[in-house]
Amino acid sequence: MMNLSEAAAQKIGNMADQHEADGAGVRVMVVGGGCSGLTYDMDFETEAQKGDEIFESHGVKVFVDPMSIVYLEGTTID
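Residues numbered from 1 in each chain as written. Predicted model: local features only at pLDDT ≥ 70, side-chain atom pairs only at ≥ 80, totals over all residues. Heavy atoms only, no water.

We now examine the pattern of salt bridges. The tally for this structure, following the rule as stated, stands at 2 salt bridges. For arginine 27, the salt bridge is made with glutamate 45, and the minimal N-O distance between the two is 2.8 Å. In this pair, arginine 27 is assigned in strand 2 (residues 25-32) and glutamate 45 in strand 3 (residues 38-45), connecting sequence segments 18 residues apart. No difference in accessibility class separates arginine 27 from glutamate 45, as the two residues are buried. A cluster of three or more residues bridged by salt bridges with shared partners is formed by Arg27, Glu45 and Asp52. (Salt bridge = Lys/Arg side-chain N within 4 Å of Asp/Glu carboxyl O. Helix = DSSP H or I, 4+ residues; strand = E, 2+ residues; numbered from the N terminus. Buried < 20%, exposed > 50% of the residue type's maximum accessible area, 1.4 Å probe, protein only.)

Okay, here's the thing in structure tokens:
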């Protein structure tokens, strides 16, 4: 399971308002690249993809694909 701090959830809500993405959740993913071989990415998301893990934290839906959840399990985004 992943969590967002209250501050992170508020920031995501503010950014969603600015990008006219009201009601959107956030997709958190791990992708290849960077010095360690992995980088982290986030984007607004409105629908789950097949196999996604879906969490809700402070009113924000968080979508994580099956490959990324292995690296993100237990993470708190602040």
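Position of glycine 32 among the secondary structure elements: in strand 2. Residue class for glycine 32 comes out exposed when judged on its relative accessible area of 68%.

This part is about helix 1 (residues 6-18). Here helix 1 is 13 residues long and its end C-alpha atoms lie 19 Å apart, about the 18 Å a rise of 1.5 Å per residue gives. Looking only at helix 1, the buried set comprises Ala8, Ala9, Ile12 and Ala16. Along helix 1, the residues classed as buried sweep out an arc of 100 degrees about the axis, all on the same side. Facing away from the buried surface of helix 1 by more than 90 degrees, the exposed residues are Lys11 and Gln18. Check the buried side of helix 1 and you find it contacts strand 1 (3-4), strand 2, strand 3, strand 4 (53-57), strand 5 (60-64) and strand 6 (76-77). Just downstream of helix 1 lies glutamate 20, where phi reads positive at about 50 degrees. (Expected span 1.5 Å × (residues − 1). Arc of directions from axis to C-beta. Contact = heavy atoms within 4.5 Å.)

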